[in-house]
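# A closer look at the structure
As a plain string of letters, each chain reads:
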Amino acid sequence: MSFGKWLSLMVGLAVATLVAVMQWTSPTWVSNGPVSGHVAAVAITSGGIGVASGLLHWMAMSRFDTELLRVIGYVESLGRSAVGVPRYEPRFGLAELTATVERTVAGLRHRAEQLVTQRRELDIQLRLADAERQHAEAILNSISDSVIVTDAFNEIALTNEAAARALGFDRDAAARRPVDQVIHDNTLIKLIKDTREGGDPALRRHVEHVVGHNGRQVVYDVSLASIGPSNERPGTQPHNHETAGVVAILRDITREKEIAENKTEFVSNVSHELRTPLSSIKAYMEMLIDGEARDDQTRSEFYNIIQGETNRLQRLIDNILNISRIESGVVKVQREYISLAQVVTEVVDVMKPQARAKQIELVEVPSPLVFQVFADKDMIAQAVLNLIGNAVKYTPAEGRITVSIEHDERHRQVRIKVADTGVGIAPEHLPHVFEKFYRVHDHKKIAKGTGLGLALVRQIIETVHGGRIEVSSEVGKGSVFSFTLPLAENRV
Ligand code: ADP
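Residues numbered from 1 in each chain as written. Predicted model: local features only at pLDDT ≥ 70, side-chain atom pairs only at ≥ 80, totals over all residues. Heavy atoms only, no water.

Attention shifts here to the packing of helix α9 (residues 254–289) against helix α10 (residues 296–328). Relative to each other, α9 and α10 sit at 160 degrees, their axes nearing to 9 Å. When the axis of α9 is compared with that of α10, the two are roughly antiparallel. Viewed along their axes, α9 and α10 form a crossing whose handedness is left-handed. Split into classes, the residues belonging to the contact of α9 with α10 amount to 18 nonpolar, three polar and four charged. (Axes fitted to C-alpha atoms, helices over the stretch in contact; angles between N-to-C directions. Helix = DSSP H or I, 4+ residues; strand = E, 2+ residues; numbered from the N terminus. Parallel < 35°, antiparallel > 145°, perpendicular 65-115°, else oblique. Left-handed = near helix turned anticlockwise from the far one by under 90°. Nonpolar A, V, L, I, M, F, W, Y, C, P; charged D, E, K, R; others polar.)

A few words on the site of the ligand. Around the ligand there are 19 residues in total, and Asn 390, Arg 439, His 443, Thr 450 and Leu 454 lie nearest to it. Interatomic distance of 3.0 Å between a side-chain N/O atom of Tyr 394 and an oxygen atom of the ligand. A distance of 3.1 Å separates an oxygen atom of the ligand from a polar backbone atom of Val 440. Elements supplying a minimum of two residues to the shell around the ligand: α12 (377–393), α13 (453–464) and β12 (478–486). (Near = heavy atom within 4 Å. Polar contact = N/O pair within 3.5 Å; in protein donor to acceptor, adjacent residues only side chain to side chain.)

Proteins that are soluble and globular tend to have nonpolar side chains buried together. Grouped together as the largest cluster of nonpolar side chains are 51 residues, with contacts concentrated most on Ile 380 and Ile 388. Breaking this core down by element, the ones donating at least two residues are α10, α11 (340–357), β8 (372–376), α12, β9 (400–408), β10 (413–420), α13 and β12. Per-element accounting of this core gives the leading share, eight residues, to α12. The contacts of Ile 388, once residues within four sequence positions are left out, are Val 347, Val 348, Met 351, Leu 362, Val 403 and Val 418. Grouped together as the second largest cluster of nonpolar side chains are 23 residues, Leu 167, Ala 174, Val 182 and Ile 189 included. (Core = buried A, V, L, I, M, F, W, Y, C linked by side-chain atoms within 4.5 Å. Buried < 20%, exposed > 50% of the residue type's maximum accessible area, 1.4 Å probe, protein only. Contact = heavy atoms within 4.5 Å.)

When you line up the elements, Asn 160 lands in the loop between β2 (156–159) and α5 (161–167). Polar contacts involving the side chain of Asn 160 include one to the main-chain carbonyl oxygen of Asp 145, which spans 2.9 Å. One polar contact links the side chain of Asn 160 to the main-chain amide nitrogen of Val 147, over a distance of 3.0 Å. Other than its neighbours up to four places away in sequence, Asn 160 contacts Leu 140, Asn 141, Ile 143, Asp 145, Ser 146, Val 147 and Arg 171.

Here we take up the pattern of salt bridges. Applying the stated criterion across every chain, the model contains 24 salt bridges. Glu 89 serves as the salt-bridge partner of Arg 87, at 2.7 Å between the closest nitrogen and oxygen. As far as the burial class goes, Arg 87 and Glu 89 line up, both exposed. Between Glu 470 and Arg 468 there is a salt bridge, with its nearest N and O atoms 3.8 Å apart. In this structure Glu 470 comes out as partly exposed when scored by relative accessible area, which is 34%. By relative accessible area, Arg 468 is classed as partly exposed at 47%. Each of Arg 415, Glu 462, Arg 468 and Glu 470 takes part in a single network of salt bridges with overlapping partners. (Salt bridge = Lys/Arg side-chain N within 4 Å of Asp/Glu carboxyl O.)

The next point concerns the sheet that holds β2. Strand pairing in a sheet is mediated by backbone hydrogen bonds. Such pairs are either parallel or antiparallel. One open sheet holds the five strands; their spatial order is β2-β1-β5-β4-β3, and the pairing between them is antiparallel. In this open sheet, the two edge strands, each paired with only one partner strand, are β2 and β3 (204–213). Across the sheet, the mean angle from the axis of one strand to that of its neighbour is 25 degrees, orientation sign disregarded. Note that strand β4 (residues 216–227) and strand β5 (residues 245–252) share eight bridges and pair antiparallel. Bridging from a neighbouring strand, Ile 227 pairs with Gly 245 of β5. Against the sheet, α9 touches β3, β4 and β5, its axis set at about 115 degrees to β4. (Pairing = 2+ DSSP bridges.)

Strands sit in the order β7-β9-β10-β12-β11 across an open sheet of five strands; the sheet is mixed. Among the strands making up the open sheet, the edge pair consists of β7 (361–364) and β11 (468–474). Recorded for the sheet is a direction-independent mean angle of 15 degrees between the axes of neighbouring strands. Two elements, β9 and β10, share eight bridges in a ladder whose sense is antiparallel. Directly across from Asp 408, in β10, lies its bridge partner Gln 413. Lying over the sheet, α11 contacts β7, β9, β10 and β12, oriented at roughly 170 degrees with respect to β7. The strands touched by α13 are β11 and β12; relative to β11, the strand with the most contacts, the crossing angle is about 140 degrees.

With respect to the helices, strands and loops of the structure, Leu 485 is situated in strand β12. Between the C-alpha atoms of Leu 485 and Gln 413, which are 72 residues apart in sequence, the distance is 5.6 Å. With residues up to four places along the chain from it excluded, the contact list for Leu 485 reads Leu 340, Val 373, Ile 380, Gln 413, Val 414, Ile 461 and His 465.

All right, on to α9 then. In a regular helix each residue adds 1.5 Å, so 36 residues correspond to 52 Å; α9 covers 51 Å between its end C-alpha atoms and thus fits that length. The set of residues buried in α9 consists of Thr 254, Val 270, Glu 273, Pro 277, Ser 280, Ile 281 and Leu 288. The secondary structure elements touched by the buried residues of α9 are β4, β5 and α10. Just downstream of α9, Gly 291 is the residue with a positive phi angle, here 70 degrees. (Expected span 1.5 Å × (residues − 1).)

Right, here's the structure in full:
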């Protein structure tokens, strides 16, 4: 019961009680005293009215309270559920209040539904964005080039595994950290900074940059572009010097550069090597045409020189073609089971006259076993021929060349050795003798050559047959060139 109800009930009761008490205790005082009978009647009546009104008010308020409780219950069930709540028509002027609450609840419910829908959409968008980010990361990681993307604050926004490997940083720890705290390559940091400050997204710069990586120099083509502000629409002019970041892509061009350099070197070497015999042929031809060779002996000398130079030219062209065929993989390899000893004997026989002419002893150490390899006979013969040919060329008269075949049962391979007692090769030249066009400078006056013979042997043995070629040498004492070949499974 509310305070108002209690108050009116109490006042009524108090007045009635007061008058009754006064009459009982002093009826004369009431009839004779300062309070007349009328006044007492009025007091009793008003007391009665007070009691009655208090009672009435109390009853009304009780019903109002009950109604209010119903309304509260109704509003609570509205709050719990929108459906299945029977409409309630309250009394005592509570209808307007209930209607207002109903409208507010409906409004709030609508807003809540909107928020739930929005939240669901945001969830979907978030999941999509996450999937897209993972997809983009997977794409980035599958790229072999190093990618670094920075944001407007010069912090790392995106990188890939290749970049982390090439520049030696932890990819997971790099995100959202300043570039210069992640990358320790000052040139690259400056390139990114300059691109950001340059700020023209239309411009893409390419810079060649060398990075030391695991003890080797890697040459990168660094492509740099700044990204325009993200709110910029395509086709609109960028605000001056305003960028949302920089994309740097580092492409390893070390091998390309090497190939390009090798090509240039190869072309210049080939032209040089071709020019020498050609000019010689041309000069002797001109002398013959001009009748400068007056006697038969001189003419025959000139013809011999021309023939020798022509042969050299042919060897040179054959070697170049063979090497480039093997290198480009277009060479036809005719593999068959061949007896190595037989191939070696045939080549030794071919070379014997040349060795004899130089008074060099060419010896083939007989092999107790017949070794069979599965290989291209002509190519192996060519390799053995080049090795014995070099031994003859770089061994002075009275020298000795020994050709032998050794069996390496443990590795299931066979080793062919060509040892000479020639001029030998200084240690600093040894790692280079198998390179194309490499010739030991001091040997150029000892014998003519192209610098392609050993390069071809290496291609034949290592690239085509999966064997291995080696050399050991001592200046003034001689050299040993040897190569291994895998043994064929069945030995005859
Ligand atoms: P070349 O046509 O000049 O002989 P090669 O490729 O066959 O070219 O050999 C490369 C270089 O290796 C030669 O120029 C020579 O200096 C050196 N060389 C090769 N074989 C021998 C050898 N048996 N003794 C000493 N030096 C050799």
